[in-house]
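These are the residues of each chain, in order.
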Amino acid sequence: MVRIAIIGGSGVYDPKLLENLREEIVKTPYGDIKVKIGTYKGEEVAFLARHGEKHSVPPHKINYRANIWGLHKLGVERILSTSAVGSLNEAMKPGDFVILDQLIDFTKNRTYTFYDGEDAPHGRKFVAHVDFTDPYCPELRDSLIRAARELGFSYHPRGTYAAMEGPRFETRAEIRALRILGADVVGMTQSPEAILARELEMCYASVAIVTNYAAGISKTKLTHSEVVELMQQKSEEIKLLLMRAVEYIPKIRRCTCKDALKGATGE
Ligand SMILES: O=P(O)(O)O[C@H]1O[C@H](CO)[C@@H](O)[C@H]1O
Ligand SMILES: Nc1nc2[nH]cnc2c(=O)[nH]1
């Protein structure tokens, strides 16, 4: 059973961090996913490229439900992910790591749940309203924070991520509004990825990498190539951070993520 997975976002397409790699196609009610499975210090770890290995899938077209359902089917309990973000907070500068602790969802046209009642294409045909007060697993966040601190990286132990529909970048006015609402960084993929993991009682955390200042703050035009270029510059640090964090993930889950459905279905 693979207990830990890494979801690589923009700029993180191959699991060069793992050894003895094999590829598995996992069938799910939402479609099949392709997962690479390898080992790191004897621990089996699954790797999934969020946008596909060639970044062919835009953020609003990602099959988030197949991805998360497929990892759950493999036995994954803990998911670490990367997110390339724009920063609205001067203190969070390009190249910084932000261990997200909060999320505000402004996406518009995604599929946000597995619990579609009678329409659900699997046996979980019940209604469920899960608690999402704290969207990220405290134990995984602690593992990422400890790793970033020990590696001496420039990091922020918490940050609020505004999830935008994309695939365009934001207007000046949208960023002005998001700052008023308390967002620190902005991206396009944390919703529904984080909520779907919680709905299957999996632990989830994301390390955001600031690739640019957001629209209206940046002095230059926003480009995806700038995002990928900075992610490539940071690829070694990202690999070190993720692997050190994997080592620090507690073997026993004492967080409440594993009980997310308790009380959620009204039973
Ligand atoms: O969130 P990840 O997958 O890192 O991707 C980020 O990079 C792309 C924008 O350049 C968007 O998809 C945004 O969400
Ligand atoms: N939505 C959004 N996603 C990003 N990913 C990297 N930079 C940005 C940005 O400025 N806005």
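Residues numbered from 1 in each chain as written. Chains lettered and ligands numbered in written order. Predicted model: local features only at pLDDT ≥ 70, side-chain atom pairs only at ≥ 80, totals over all residues. Heavy atoms only, no water.

**Looking at the environment of Val 210**
With respect to the helices and strands, Val 210 occurs in strand β11 (residues 203-213). Owing to a relative accessible area of 0%, Val 210 belongs among the buried residues under this scheme. (Helix = DSSP H or I, 4+ residues; strand = E, 2+ residues; numbered from the N terminus. Buried < 20%, exposed > 50% of the residue type's maximum accessible area, 1.4 Å probe, protein only.)

**Regarding the packing of helix α1 (residues 64-73) against helix α4 (residues 190-199)**
In the contact formed by α1 and α4, the axes pass within 9 Å of each other and the chain directions differ by 30 degrees. For the pair α1 and α4, the sense of crossing is right-handed. Facing Tyr 64, Arg 65 and Ile 68 of α1, the residues of α4 in contact are Ser 191, Pro 192, Glu 193, Leu 196 and Ala 197. (Axes fitted to C-alpha atoms, helices over the stretch in contact; angles between N-to-C directions. Left-handed = near helix turned anticlockwise from the far one by under 90°. Contact = heavy atoms within 4.5 Å.)

**With respect to the site of ligand 2**
Lining the immediate environment of ligand 2, one finds Ala 84, Val 85, Gly 86, Phe 169, Glu 170, Val 186, Gly 187, Met 188, Thr 211, Asn 212, Leu 222 and Val 227. Here a nitrogen atom of ligand 2 sits 2.9 Å away from a polar atom, N or O, in the main chain of Ala 84. Measuring from a nitrogen atom of ligand 2, one finds a side-chain N or O atom of Asn 212 at 2.7 Å. About the coverage of ligand 2: the protein hides 97% of its 280 Å² of free accessible area. Of all elements in the fold, only β5 (78-87), β10 (185-187) and β11 reach the threshold of two or more residues within the shell around ligand 2. Among the elements that line the shell around ligand 2, the one with the most residues is β5, at three residues. Per-class residue counts for the shell around ligand 2 are seven nonpolar, four polar and one charged. (Near = heavy atom within 4 Å. Polar contact = N/O pair within 3.5 Å; in protein donor to acceptor, adjacent residues only side chain to side chain. Areas by Shrake-Rupley, 256 points an atom, 1.4 Å probe, with all protein chains shown as cover. Nonpolar A, V, L, I, M, F, W, Y, C, P; charged D, E, K, R; others polar.)

**Considering the pattern of salt bridges**
Following the criterion strictly, the structure yields 21 salt bridges and no others. The closest approach of N and O atoms between Asp 116 and Arg 65, which form a salt bridge, is 3.0 Å. Of the two residues, Asp 116 sits in the loop between β7 (102-106) and α2 (138-151) while Arg 65 sits in helix α1, which places them 51 residues apart along the sequence. The partly exposed category is assigned to Asp 116, whose relative accessible area is 33%. A relative accessible area of 15% places Arg 65 in the buried class. Its salt-bridge partner being Glu 174, residue Arg 168 comes within 2.6 Å of it at the nearest N-O pair. In this structure Glu 174 comes out as partly exposed when scored by relative accessible area, which is 22%. Through salt bridges with shared partners, a single network forms among Arg 22, Glu 24 and Glu 44. (Salt bridge = Lys/Arg side-chain N within 4 Å of Asp/Glu carboxyl O.)

**So, the layout of surface pockets**
Counted as a void, the largest pocket has a volume near 350 Å³. Around the largest pocket sit 26 residues that line it, and Ser 10, Ala 84, Phe 169, Met 188 and His 224 are the ones nearest its centre. At the level of elements, β5, β10, β11 and α5 (224-233) are the ones that each hand at least two residues to the lining of the largest pocket. For the lining of the largest pocket, the leading source of residues is β5, giving five residues. Here the lining of the largest pocket is composed, by residue class, of 13 nonpolar, 11 polar and two charged. Split into classes, the residues belonging to the lining of the second largest pocket amount to eight nonpolar, four polar and six charged. (1 Å grid on protein atoms, 1.4 Å probe; cavity = no way out; pocket = protein on both sides within 12 Å on 5 of 7 lines; lining within 4 Å. Points joined across faces, edges and corners; volume = space filled by probe spheres on them.)

**Focus: the UniProt feature "binding site: substrate" (unreviewed entry) in the chain**
This chain's UniProt record puts "binding site: substrate" (unreviewed entry) on Met 188, Asn 212, Tyr 213 and Ala 214. The annotated residues that sit in the lining of the largest pocket are Met 188, Asn 212 and Ala 214. Along the polypeptide, Asn 212 turns up in strand β11. Exposure remark for Asn 212: the relative accessible area of 6% places this residue in the buried category. Excluding its chain neighbours within four sequence positions, the residues that come into contact with Asn 212 are Val 85, Gly 86, Ser 87, Pro 94, Leu 222, Glu 226 and Val 227. On the accessibility criterion, Ala 214 (1% relative accessible area) is buried. Setting aside its immediate chain neighbours within four residues, Ala 214 contacts Gly 86, Ser 87, Leu 88, Ile 175, Val 186 and Leu 222. (UniProt positions renumbered as here; feature names shortened; annotations may be inferred.)

**Section: the packing of α2 against helix α6 (residues 235-248)**
Two numbers describe a pair of packed helices, the interaxial angle and the distance between the axes. Running from N to C, α2 and α6 cross one another at 125 degrees; their axes reach a closest spacing of 8 Å. Taken together, the axes of α2 and α6 are oblique relative to one another. Along this stretch, α2 crosses α6, giving a crossing that reads as right-handed. In this structure, α2 uses Ser 143, Leu 144, Arg 146, Ala 147, Ala 148, Glu 150 and Leu 151 to contact α6, whose residues at the interface are Leu 240, Leu 241, Arg 244, Ala 245 and Tyr 248. Per-class residue counts for the contact of α2 with α6 are eight nonpolar, one polar and three charged. (Parallel < 35°, antiparallel > 145°, perpendicular 65-115°, else oblique.)

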